[in-house]
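Given next are the chains, with one letter for each unit.
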Amino acid sequence: MRILYGGGKMFPYLIEENKRSSKPSSPTPLGRNSEEVNHRMGGSHVHNNIASRIQNSTSPPPSPPKSPTNKKVSNSRRDSIYDYKSEAAKKVELIAKNRDERRQRQADEKAQKDLIMHLEQNNPYWEFSQMIRDFRNGIDFRPLREHDPVVENQITVCVRKRPLNDKEDRRKEVDVITVNTKNQLIVHEPKHKVDLTKYLENQNFRFDYVFDDSCSNDIVYKFTAKPLVKTIFEGGMATCFAYGQTGSGKTHTMGGEFRGKQQNFRNGIYGLVAVDVFKLLNHQKYAQKNYMVSASFFEIYGKLVFDLLAKKQRLRVLEDGKQQVQVVGLTEKIVSKVEDVIDLIQKGSMERTSGQTSANSNSSRSHAVFQIILRKSGSKHVDGKFSLIDLAGNERGADTNKSNRQTRIEGADINKSLLALKECIRALGRKGAHLPFRGSKLTQVLRDSFIGEKSRTCMIALISPGNFSVDHSLNTLRYADRVKELIATDSPEDDAADVAMYGEEDISEDINEGDEEMLQDEERRLHISSMEWEVLESNRHVIESCVYFHKMACDLYKASQKNGFDKNHYATNWKNLLNEMIDIQKEALLKANEFCNVLDGRV
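Cut-off values and rules
- Residues numbered from 1 in each chain as written.
- Predicted model: local features only at pLDDT ≥ 70, side-chain atom pairs only at ≥ 80, totals over all residues.
- Heavy atoms only, no water.
- Helix = DSSP H or I, 4+ residues; strand = E, 2+ residues; numbered from the N terminus.
- Buried < 20%, exposed > 50% of the residue type's maximum accessible area, 1.4 Å probe, protein only.
- Pairing = 2+ DSSP bridges.
- Contact = heavy atoms within 4.5 Å.
- Axes fitted to C-alpha atoms, helices over the stretch in contact; angles between N-to-C directions.
- UniProt positions renumbered as here; feature names shortened; annotations may be inferred.
- Polar contact = N/O pair within 3.5 Å; in protein donor to acceptor, adjacent residues only side chain to side chain.
- Parallel < 35°, antiparallel > 145°, perpendicular 65-115°, else oblique.
- Left-handed = near helix turned anticlockwise from the far one by under 90°.
- Nonpolar A, V, L, I, M, F, W, Y, C, P; charged D, E, K, R; others polar.

Caption draft 1: Representation of the environment of isoleucine 232 in the model. Of note, isoleucine 232 is situated in helix α9 (residues 226-232). On the basis of relative accessibility, which here comes to 0%, the residue isoleucine 232 falls in the buried class. Here the alpha-carbon distance between isoleucine 232 and leucine 374, two residues 142 residues apart in the chain, equals 7.4 Å.

Caption draft 2: Looking closely at the sheet that holds strand β4 (residues 198-206). Taken in spatial order, the three strands of this open sheet run β2-β3-β4, and their pairing is antiparallel. The open sheet terminates on both sides in strands that have one partner only, identified here as β2 (177-178) and β4. For β2 and strand β3 (residues 184-192), the ladder comprises two bridges, and the chain directions are antiparallel. Of the residues in β3, the one forming a bridge with isoleucine 177 is valine 187. The sheet strands contacting helix α6 (residues 126-137) are β2, β3 and β4, and the helix crosses β4 at an angle near 45 degrees.

Caption draft 3: Spatial organisation of the UniProt feature "binding site: ATP" (unreviewed entry) in the chain. Under the UniProt annotation, the feature "binding site: ATP" (unreviewed entry) is placed at Gly244, Gln245, Thr246, Gly247, Ser248, Gly249, Lys250 and Thr251. Tracing the sequence through the fold places serine 248 in the loop between β6 (237-244) and α10 (250-255). Look past the residues within four positions of serine 248 in its chain and what remains in contact with it is Arg162, Leu462, Ile463 and Ser464. A polar contact is formed between the side chain of serine 248 and the backbone oxygen of glutamine 245, at a distance of 2.6 Å. Positionally, lysine 250 belongs in helix α10. Look past the residues within four positions of lysine 250 in its chain and what remains in contact with it is Ala242, Tyr243, Gly244, Gln245, Asp390, Leu391, Ala392, Gly393 and Leu462. At 3.2 Å, the side chain of lysine 250 forms a polar contact with the backbone oxygen of glutamine 245.

Caption draft 4: Up close: the packing of helix α11 (residues 269-281) against helix α12 (residues 338-351). Look at α11 against α12: their axes get within 9 Å of each other, and the N-to-C directions meet at 155 degrees. With respect to their mutual orientation, α11 and α12 come out roughly antiparallel. α11 and α12 meet at a crossing whose hand is right-handed. Contacts between α11 and α12 pair Tyr270, Gly271, Ala274, Val275 and Phe278 from the former with Val338, Val341, Ile342 and Ile345 from the latter. Taken together, the residues of the contact of α11 with α12 sort by class into eight nonpolar, one polar and no charged.

See below:
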């Protein structure tokens, strides 16, 4: 040890430390020995006294002397040995500091959101609402107004947005539809990123007309059905139909506004068309033609047709020898004034089939077709016909929240008929293309409305503005956009540019192939559901006929037990009854065999 310390040049700080150790010892450090000291000195009082002295001591512990060095010694002295920290420790402290700051920032943001939620009356969608308000503040609104000019087209496609209803207001839904101009609208689809950040996906659509929630039925009628009224006086066929999700306002637009449970049929498109028809009928230009006006009202439910003016009597749709589609047995009543038409509309609307879906508790599950027909007095030839159609509510195939088996079958047949209707309208716009009217019972009945150069069609797509209905609204808008895309262009230069870019033949081939593939896929998907519907209907028909057969057979048998009964009358009635029963069962058997073959994959 003497050799180690003797020189004092190599380790001067050890000599200094040795000198310090020879001084009186410092107080006993806290640790394992503190308990022993505490025990010897009389308990916790002494221990607390020592702890308080250590805590109150402001003098830092002595630092070891530094080794002599040739470098310039820094003026700053470290106050504690604990100031010697590695880079890893510094990084850990920095991470902890950033974490605390982030948590504090998140807490402040949460407090701010809670305050906004309170101000927004606990609206869970206030962030989307704020983003939509900010978006609308940056655009220029030029909506459709009543004084704007009416542009007449062979096919007119327009969209109507209804206001939020009471149910949507109670659920604090957000209006996600912005109508910025008279022919454009924007759908703000709420989305979430992977980290749950909320954002809007804005999708733009363009049509002939777009009606915002401030437009009344009169304004909608002026730009849609009113220009078509004069078509039927010029020997043409006019068709106007309302399409959209259940609860979007189709019946309100076509039939009239509701006042509670009462419907005002005079301000619906049905009634407004009737008013203009009788105005033109009395006009000097057409008064000499001696026209007679009649009306019919029927519905198409699945593959069945029912007469709404004859207590829902079942009708048959057949083609005559001239390849004209006829609705056999349809009631057609002559009307002489507007009040007669209103009475027929009210009577037929009460008979229409409805059901419950996920979007509406009282959804129209059938296509209602109201027709106003012009003929010259004493003639059976139809000079003009106006078909006004309130289509069944379209539902997405994935929307099965409240759908039972029956509703799903109805929805499949509804979607199939809507697909066929779209293809017929597109064929009408292409002029000369094949008309696939046999795709559904609806298009089969309306075949004459799509034939001829004087045929004109108007489609009113109705959408709901709430964020709960955004998927349905997009589905409706895409359907309407698909109907109009081949005929709605900005200018002839755009058409020429498209042809120059792709080639005329390529465009037609792509459109035809895409349409055919889409139609075939949809038909394959819905074919089984449609056949299932037919089998169920035939089954029901057999059950009803069996009840009738049993009653008539019993009556005939009782009559045969009486003395002097008419044998010829008995034999004839019994034979006719058996033949009728056999025919019904044969038809049901054919449908059952065909359905079995489809399920087995043989067809």
